[in-house]
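Report on the structure
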Amino acid sequence: MNSLIAYLIYTSRKRNTLLHLMCLGPSGTGKTWLQERVSELIPEEDKLEITMLSMNAFYYFGKDELKNKLLLIEDMDGADNVLYPLQELQSKRRISKTVTLKDSKGNLKTVTLNVEGPVCVSGCTTREQLYEDNANRCILLYTDDSPEQDKKIMDYQRKQSAGLLDHQAERNVREQLKNVQRLLQPVGVKNPFATFLQLPEAIFKPRRTMLLLLLFTETITFYHQYQRELQTDTTTGEQYVETTIEDIEVAFSLLETTLLKKSDELNDSCRSFFEKLKSWLRQNDSETFYSKEVRPVFRLSPSSLSRYLYELERMGYIKIARGSRYKGFEYKVQSWDDLETLTNDAHEMMENILAEIRKVNHSSPGVAQSPDGLHNVQKTSKKTSVAQQQ
């Protein structure tokens with residue numbers, strides 16, 4: 001699932017409005033591996049891999065050298081000096097800096113360095129809070145560190161060591177997908193169902209999250225440009241393809257977990273611990289626990305456990321039932337089904353949106369009317385597909 005989301009985000013580099021990605025998770029859970037393997041599906045001429053950047057490095061790229069490129073940052077800590085120009089490239093899609101240089105005669109002159117975007121940025125980090133400004137502009141992917149995923153990875157490693165994997169088939173698939181990327185053309189996208197899309201009220205920073213959802217849906221349509229009719233705007237002459245209900249369904253299904261993460265006031269690692277804790281307490285038919293009981297069960301360091309308990313207590317998910325700092329505190333869980341409620345509310349809202357879109361599309365094929373009835377989006381009559389045109 002994460003790989004597919006990342007692949008579509010990397011595809012957005014060919015559009016005027018791009019998406020960005022941040023891979024998050026504890027050390028050793030495969031963040032960099034995920035980024036590296038998915039980026040292997042992107043043509044070499046369209047990407048730039050960076051391990052570390054100096055403070056002014058971005059300003060000395062050629063004016064169009066980064067335009068519509070995929071910029072891969074192995075570790076955000078290695079780009080700590082360039083976070084501000086990176087944010088500007090993501091938001092304003094251009095950066096500039098005025099510097100003083102010497103000409104061939106040794107005279108000083110003022111020169112303005114301009115670097116144009118847009119740029120698709122992808123980076124990995126273990127510290128989401130530290131890079132919050134960048135994370136707000138990105139779709140966030142959290143690596144799976146569950147025991148089930150550990151088993152799958154170790155099974156793959158054993159097969160690789162035993163020579164049971166067909167690496168030639170893997171290379172063939174990579175080359176095929178690279179060529180698919182090269183075939184994509186800069187065609188416009190219009191989403192006639194955009195006015196129906198809503199977000200759960202619990203989502204933090206809904207303005208940016210809504211924009212990410214809309215852009216991701218458009219990217220899915222853009223990737224399927226050879227399966228869509230190429231249409232022409234009779235007013236501007238712009239050629240575009242239209243989003244379908246299936247594109248919206250795919251966007252919801254892929255981003256459902258990401259949208260839930262943006263609705264959750266707990267960070268991913270703390271939420272993961274809390275859900276495991278509740279499951280363990282249910283198995284033991286208990287509502288209370290001591291930290292000294294929990295730590296060996298989940299094999300956590302004292303500092304990590306203290307951080308999780310402090311955060312859960314501060315947010316009101318657990319409370320101290322009794323005890324002291326010398327003998328230890330007994331904690332009681334206050335909230336048992338908060339995640340289930342959040343998940344059910346989000347899923348129900350998505351189903352209602354899709355049902356409304358299907359109803360309108362069925363009653364008026366080719367026309368999508370906004371909920372407020374203010375305007376209609378009418379399909380043009382041109383039937384030439386991108387594939388046929390080429």
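Keep in mind the model is a prediction, meaning the values are calculated, not measured.

As a further point, take the environment of Thr51. Summarising the element assignment, Thr51 is placed in the loop between β2 (47–50) and β3 (69–73). Sequence separation of Thr51 and Pro200 is 149 residues, and the distance between their C-alpha atoms is 37 Å.

Take the pattern of salt bridges next. Pairs can form between side chains of opposite charge whenever their charged atoms are close. For the structure shown, the criterion picks out 22 salt bridges. The salt bridge partner of Lys159 is Asp155, with a shortest N-O separation of 3.6 Å. Taken together, the residues span about one helical turn, with Lys159 and Asp155 both in helix α5 (residues 147–161) at a distance of 4 residues. Its relative accessible area of 36% is what places Lys159 among the partly exposed residues. Bridged by salt links that share partners, the residues Asp264, Arg271, Glu275, Lys278 and Asp338 form one connected network.

Attention now goes to the layout of surface pockets. In this structure, the second largest pocket encloses a volume near 320 Å³. Around the second largest pocket, the lining is made up of 17 residues, and of these Leu18, His20, Gln90, Leu211 and Leu215 lie nearest the centre. Counting only elements with at least two residues in the lining of the second largest pocket, the list comes to α3 (83–91) and α7 (206–223). Partitioning the lining of the second largest pocket into residue classes produces 8 nonpolar, 6 polar and 3 charged.

So, on to the pairing of β3. Burial runs high along β3: 4 of the 5 residues are buried. Summarising the sheet, β2 and β3 pair through 4 bridges and their orientation is parallel. Looking across to β3, one finds that Lys47 is bridged to Leu70. When β3 meets strand β6 (residues 119–125), the two strands line up parallel, connected through 5 bridges. In the strand pairing of β6, Ile73 is matched with Gly123.

Criteria and thresholds
- Residues numbered from 1 in each chain as written.
- Predicted model: local features only at pLDDT ≥ 70, side-chain atom pairs only at ≥ 80, totals over all residues.
- Heavy atoms only, no water.
- Helix = DSSP H or I, 4+ residues; strand = E, 2+ residues; numbered from the N terminus.
- Salt bridge = Lys/Arg side-chain N within 4 Å of Asp/Glu carboxyl O.
- Buried < 20%, exposed > 50% of the residue type's maximum accessible area, 1.4 Å probe, protein only.
- 1 Å grid on protein atoms, 1.4 Å probe; cavity = no way out; pocket = protein on both sides within 12 Å on 5 of 7 lines; lining within 4 Å.
- Points joined across faces, edges and corners; volume = space filled by probe spheres on them.
- Nonpolar A, V, L, I, M, F, W, Y, C, P; charged D, E, K, R; others polar.
- Pairing = 2+ DSSP bridges.

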